[in-house]
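Structural characterization, general
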Amino acid sequence: MNEKTESGADKPLPTVFLLSIAYLGFVSLGLPDPIAGVAWPSVRDLFSLPQSGFGLVFIALGCGYCASGFFGGTITHAMGLGNLLWVSSGLVALGMFGFSLAPSWPLFVACAVIWGLGSGGIDSGLNAYSSKHFSAKHVNWLHACYSVGATLGPLLMTVMLYWGSWRIGYASVGGLLLVMMVIFIVTRDRWTGPDLSENGEVIAPISMVVTLREPLVWLQMVLFFLYVGVEFTVGQWSFTILTESRHLPTDVAGPLASGYYAAIGIGRIVAGVIAARFGLDLLIRCAMIAALAGTLLFAFGGPVELSCTGLIVIGLGLAPMFPCLMAKTPQRLGADVATHAVGFQASAGMVGAALMPGLAGILSDTISLESVASFAVLLSVLLLATHEVILSVARHRR
């Protein structure tokens, strides 16, 4: 059974079994990412930290993530994708259990490095595999599964906070990642095999150095840096803005924070259906305009009800960007470049995830919490402008 790619060529559909494991893998990847934002006020109070301390967690996370993500292609060639996936899942589980037990702030930050090492390996490995083996529809739906995890994460942590302990929340996520590790161990041989082109020819691996000589690779890295910067800044700070600046109760702000990620998931399901009809470039452009409109509404919408609507609009706008850009990578750069390029893009995204929420924390301390929402507007403008530059460069390459 085959599907059509955007270019019209047949792309083999993977077995239902392997596709199901990939779906679970993306759920597990999404679970830990947003819970730090919900847990942060409690963690901050326990360790007596300023708001800017939140950024240190993401700097540590980003260091670990970039180390494994940037070298993801090389590691995959060396140990096989299946082994990379189970080892990485184990590292994320270890990081979550470390958070739940950390007696001091330095140890808490150290656990973020372990979390990052694992997440970078899973992210680069699964994205490289899916961009080359799955259609744009399935890539969107796989990332919708990430959003399922990202939606469940804040809800889980909110419940655990209600019961009295953010530490139990982290331990619960760690237990779920251990289950995912076992699944990857059992299926590790199914993920290993040579990369094939659309006509069935084996693709010879190329080096990282050759990949980095391509200017479009660097532009794509900037794009992912900005995209993930927007997603994480909004996702990690929305709960704090809603509770501490707009004075919403925790049991209202928590579901709204989850609603943001739910909107991303729903948007990706819809994007999977319409991607082939509209074309990826047009879909991404429209999505970026919608995300910009949402950030403006969230920042300057006035009444709380209106600004909360902006939060959902941001999620819907961001929804198709990451999966569509990943699906476009082999077409735009070439399948031989994609293995390394996907890892580079994922790592650049995590740099954005580490730096942008951290910079937002500095703005919060020096200006106000509401300045974080304005900062998201600026990032959205830069994101749209960078994508237009990439489209122009890509047209000239043809």
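It should be emphasised that the depicted structure is a prediction, and the values quoted were computed from it without experimental measurement. Each chain has its residues counted from 1, following the order in which its sequence is written. Where local features are concerned, this predicted model is filtered to residues with pLDDT of at least 70; where side-chain atom pairs are given and counted, the filter is 80 or more; whole-chain, interface and lining totals use all residues. As a rule here, side-chain values cover all heavy atoms of the structure and leave hydrogens and water aside.

Next up on the list: the overall build of the protein. Counting from the N terminus, the helices are DSSP H or I runs at least four residues long and the strands are E runs at least two residues long. In terms of regular secondary structure, the protein is built from 16 helices and two strands. Against the globule reference of 21 Å for 398 residues, the protein gives a C-alpha radius of gyration of 20 Å, in line with a compact fold. Its C-alpha atoms give the protein principal-axis dimensions of about 60 × 40 × 35 Å. In this scheme, a residue with accessible area under 20% of its type's maximum is buried, one over 50% is exposed, and one in between is partly exposed, where area comes from a 1.4 Å probe on protein chains only. Expressed as a percentage of its 398 residues, the buried residues of the protein come to 59%. Atoms considered for the radius of gyration are the C-alpha atoms alone. The globule rule reads 2.2 Å times the number of residues to the power 0.38.

With respect to the secondary-structure elements, serine 347 resides in helix H15 (residues 335-366). Excluding anything up to four places from it in sequence, serine 347 contacts Tyr65, Cys66, Gly69 and Phe70. Here a residue-residue contact requires only that any non-hydrogen atoms of the pair lie within 4.5 Å.

As a further point, take the packing of aromatic side chains. A pair of Phe, Tyr and Trp rings is counted when the ring centres sit within 6.5 Å of each other, with Trp represented by its six-membered ring. The angle between the planes then sorts it: under 30 degrees is stacked, over 60 is edge-to-face, the rest tilted. In total, this model carries 16 aromatic pairs according to the counting rule given. Note on phenylalanine 99 and phenylalanine 108: the rings are 4.5 Å apart at their centroids and 35° apart in plane angle, and the pair reads as tilted. A residue is classified by how much of its surface remains accessible, and phenylalanine 99, at 1% relative accessible area, is buried. Pairing phenylalanine 99 with tyrosine 170 gives two aromatic rings, centres 4.8 Å apart and planes at 45°, and the pair type is tilted. Separated by 71 residues along the polypeptide, phenylalanine 99 in helix H5 (residues 81-101) and tyrosine 170 in helix H8 (residues 166-186) bring together distant segments of the chain. With relative accessibility at 2%, the residue tyrosine 170 sits in the buried group. Within the aromatic cluster, the residues linked to one another by ring pairs are Trp40, Phe47, Phe54, Phe99, Trp105, Phe108, Trp115, Trp166, Tyr170 and Trp237.

Let's shift gears to the confidence of the model for the protein. When pLDDT drops low, the exact placement of atoms in the prediction is not to be read closely. pLDDT runs from 0 to 100 and stands for how confident the predictor is about each residue. The share of residues in the protein with pLDDT of 70 or more is 91%, and the mean pLDDT across the chain is 83. Taken element by element, the predicted model of the protein shows its lowest mean pLDDT in strand S2 (residues 10-12) (41) and its highest in H5 (94). This stretch, residues 1-13, has a pLDDT under 50; its non-local contacts, to residues over four places away or in other chains, come to 32 contacts.

With that settled, consider the pattern of salt bridges. Only one rule defines a salt bridge in this text: a Lys or Arg side-chain nitrogen within 4 Å of an Asp or Glu carboxyl oxygen. The tally for this structure, following the rule as stated, stands at five salt bridges. With a closest N to O distance of 3.8 Å, lysine 328 and aspartate 281 form a salt bridge. In this pair, lysine 328 sits in helix H14 (residues 321-333) while aspartate 281 sits in helix H12 (residues 280-300), placing the two residues 47 residues apart along the sequence. Lysine 328 gets classed as buried once you look at its relative accessible area, which sits at 9%. Between arginine 285 and glutamate 388 there is a salt bridge, with its nearest N and O atoms 2.9 Å apart. Note that arginine 285 is positioned in helix H12 and glutamate 388 in helix H16 (residues 370-397), a separation of 103 residues in sequence. Taking relative accessible area as the criterion, arginine 285 reaches 30% and is therefore assigned partly exposed. Each member of the salt-bridge network shares a partner with another, and the members are Arg44, Asp45 and Glu244.

A word on the nonpolar core. Inside soluble globular proteins, nonpolar side chains tend to come together where they are buried. In this structure, Trp105, Phe108, Tyr170 and Trp191 are the most contacted members of the largest nonpolar core, which totals 120 residues. Ranked by the residues each element gives to this core, the list is headed by helix H10 (residues 215-245), at 15 residues. Setting aside residues no more than four positions away along its own chain, phenylalanine 108 makes contact with Val43, Phe47, Val57, Phe99, Ala102, Trp166 and Tyr170. To qualify as a nonpolar core, a set must consist of buried Ala, Val, Leu, Ile, Met, Phe, Trp, Tyr and Cys residues joined through side-chain atoms within 4.5 Å.

Patches draw on residues past 30% relative accessible area with no salt bridge. Two like charges within 9 Å are joined, as are two nonpolar side chains (Val, Leu, Ile, Met, Phe, Trp, Tyr) within 5 Å. Here the open area of atoms and residues is found with the Shrake-Rupley method and a 1.4 Å probe, where only the protein chains shown may cover a residue. A cluster of nonpolar side chains, Leu56, Ile59, Val351 and Leu355, forms an exposed patch at the surface whose accessible area comes to about 290 Å². Elements with a contribution of two residues or more to the nonpolar patch: helix H3 (53-70) and H15. For valine 351, the position within the fold is in helix H15. Look at valine 351 and you get partly exposed, because its relative accessible area is 30%.

This part covers the environment of tryptophan 115. Relative to the assigned elements, tryptophan 115 resides in helix H6 (residues 105-133). Among the residues examined, tryptophan 115 registers a relative accessible area of 0% and is labelled buried. On a C-alpha basis, the gap between tryptophan 115 and serine 238 in space is 22 Å, while along the polypeptide they are 123 residues apart. Excluding residues within four positions of it along the chain, tryptophan 115 makes contact with Pro32, Asp33, Leu61, Leu91, Val92, Gly95, Met96 and Phe99.

All right, on to the environment of leucine 101 then. The residue leucine 101 is located in helix H5 in this model. A relative accessible area of 67% means that leucine 101 is categorised as exposed. Residues leucine 101 and serine 68, 33 residues apart in the sequence, show an inter-C-alpha distance of 24 Å.

What counts as an axis is a line fitted to C-alpha atoms, over the stretch in contact for a helix, and the angles between N-to-C directions run from 0 to 180 degrees. Relative orientation of the contacting elements helix H1 (residues 16-30) and H8 amounts to 150°, with a least axis distance of 10 Å. On the basis of the axis angle, H1 is roughly antiparallel to H8. H8 is crossed by H1, and the crossing has left-handed handedness. Contacts from Ile21, Leu24, Gly25 and Ser28 in H1 reach Leu177, Met180, Ile183 and Phe184 in H8. Roughly parallel covers angles under 35 degrees, roughly antiparallel covers those over 145, roughly perpendicular covers 65 to 115, and oblique covers all other angles. Crossings are assigned a handedness: left-handed for a near helix turned anticlockwise from the far helix by less than a right angle, right-handed for a clockwise turn.

Here serine 165 shows up in the loop between helix H7 (136-163) and H8. Polar contacts, as counted here, are pairs of nitrogen or oxygen atoms within 3.5 Å of one another; within protein the pair requires one atom able to donate a hydrogen and one able to accept it, and residues that are adjacent in sequence qualify only if both atoms are side-chain atoms. In terms of polar contacts, serine 165 uses its side chain to reach the backbone amide nitrogen of arginine 167, at 3.2 Å. At 3.4 Å, the side chain of serine 165 and the backbone nitrogen of isoleucine 168 are in polar contact.

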